Amino acid sequence: MQLNNLTILITGGSSGIGLAFAEALLQRNNRVIICGRNPDKLERARQQHPQLDSHCCDITRENDVMALAQHIRQHYGRLDLLINNAGIQRAIDLNDGEAHWASIAEEFTINLVAQVQLTQLFLQLLNHDDGESAIVNITSALAVVPKQSAPIYCAAKAGMHNFTRTLRYQLRGTSVRVFEVIPALVDTA
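Below: a short report on this structure. Computed from a prediction, not measured in an experiment: that's the story for all the values here.

The next point concerns the overall build of the chain. Across its full length, the chain holds five helices and six strands. Across the chain, helices and strands are ordered from the amino to the carboxyl terminus as β-α-β-α-β-α-β-α-β-α-β. Relative to its length of 189 residues, the chain is compact, with a C-alpha radius of gyration of 16 Å against a globular reference of 16 Å. In terms of overall dimensions, the chain has C-alpha extents of about 55 × 40 × 30 Å along its principal axes. In the chain, of all internal contacts separated by at least 6 residues, the share reaching a separation of at least 24 is 65%. By element, 49% of the accessible surface of the chain is carried by carbon and sulfur atoms, the whole surface being about 10200 Å².

As structure tokens, then:
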């Protein structure tokens, strides 16, 4: 797949790996849309790269995601690359006697559920006849080799790993390719 002159959406694109992807893809003459929950981080990213199209969007909120999809339909009419990068990792000790229910639900939702829903929502914009498109899911080596302090993150990334594999099977025969990126250890917030 050629990586220039594309319309690209990167979730969690205002910092870390997502922003690095945005910077690299902007250099290849792409239309890059980033979304994230923190308006200050989004504004800093746009100040660094005025050509970015940034949207404050919590991918766990249906209204935010639908507004983002509507914006992409209205302004671009298509999507060529979806990079599911948003994620959070919390240290949770399930044996500490505390009820971590809200934290557990939020971590699973951001790292797995919302990304599956986003993928389904954007498949119509990605599946077009005039060239290849792709979905790139950012997972983690912790999906395969988990660490004790982050059981929910590791489980959610294992889910994304398997979702990526099954999605690849489902989309065989379409113009949409499915990739998994398992980054090395990175020094980001």
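After that view of the structure, there is still more to cover.
A few words on the pattern of salt bridges. Once the charged atoms of two side chains with opposite charge are near each other, the side chains can pair. For the structure on display, the rule yields six salt bridges. A salt bridge links Arg 61 to Asp 58; the nearest nitrogen and oxygen atoms lie 3.8 Å apart. In this structure, Arg 78 engages Asp 80 in a salt bridge whose closest nitrogen and oxygen atoms are separated by 2.7 Å.

A separate point is the side chain of His 71. In this fold, His 71 is placed in helix 3 (residues 62-75). Sequence-distant contacts of His 71, defined by excluding residues within four places in its chain, comprise Asp 53, His 55 and Tyr 76.

With 27 residues, the main nonpolar core has Leu 9, Ile 59, Leu 68, Ile 72, Leu 79, Phe 122 and Leu 126 as its most contacted residues. Top contributing element to this core by residue count: helix 4 (residues 101-126), with seven residues. The contacts of Ile 59, once residues within four sequence positions are left out, are Thr 11, Cys 35, Val 65, Ala 86, Ile 110, Ala 114, Gln 115 and Leu 118. In this structure, Leu 26, Val 32, Leu 52 and Leu 81 belong to the second largest nonpolar core, which totals 17 residues.

Taking 1.5 Å as the rise per residue, helix 3 with 14 residues should run 20 Å; its terminal C-alpha atoms sit 20 Å apart, in good agreement. Listed in full, the buried residues belonging to helix 3 are Val 65, Leu 68, Ala 69, His 71 and Ile 72. End-on, the buried residues of helix 3 take up no more than an arc of 155°, which puts them together on one face. In helix 3, those exposed residues whose orientation departs by more than 90 degrees from the buried face are Glu 62, Asn 63 and Gln 74. Residues of helix 3 that are buried in the fold lie against strand 1 (7-11), strand 2 (31-36), strand 3 (53-56) and helix 4. After helix 3 finishes, the residue Gly 77 shows a positive phi value of roughly 75°.

Quick look at unusual backbone geometry now. Positive phi outside glycine occurs at Asn 5, with the angle close to 60°. Looking at where Asn 5 falls in the secondary structure, it is placed in the segment before strand 1. In this structure, Asn 29 takes a positive phi of about 60° despite not being glycine. Tracing the backbone through its elements, the reader meets Asn 29 in the loop between helix 1 (16-26) and strand 2.

Basis of the calculations
Residues numbered from 1 in each chain as written. Predicted model: local features only at pLDDT ≥ 70, side-chain atom pairs only at ≥ 80, totals over all residues. Heavy atoms only, no water. Helix = DSSP H or I, 4+ residues; strand = E, 2+ residues; numbered from the N terminus. Rg over C-alpha atoms; globule rule 2.2 N^0.38 Å. Contact = heavy atoms within 4.5 Å. Areas by Shrake-Rupley, 256 points an atom, 1.4 Å probe, with all protein chains shown as cover. Salt bridge = Lys/Arg side-chain N within 4 Å of Asp/Glu carboxyl O. Core = buried A, V, L, I, M, F, W, Y, C linked by side-chain atoms within 4.5 Å. Buried < 20%, exposed > 50% of the residue type's maximum accessible area, 1.4 Å probe, protein only. Expected span 1.5 Å × (residues − 1). Arc of directions from axis to C-beta.

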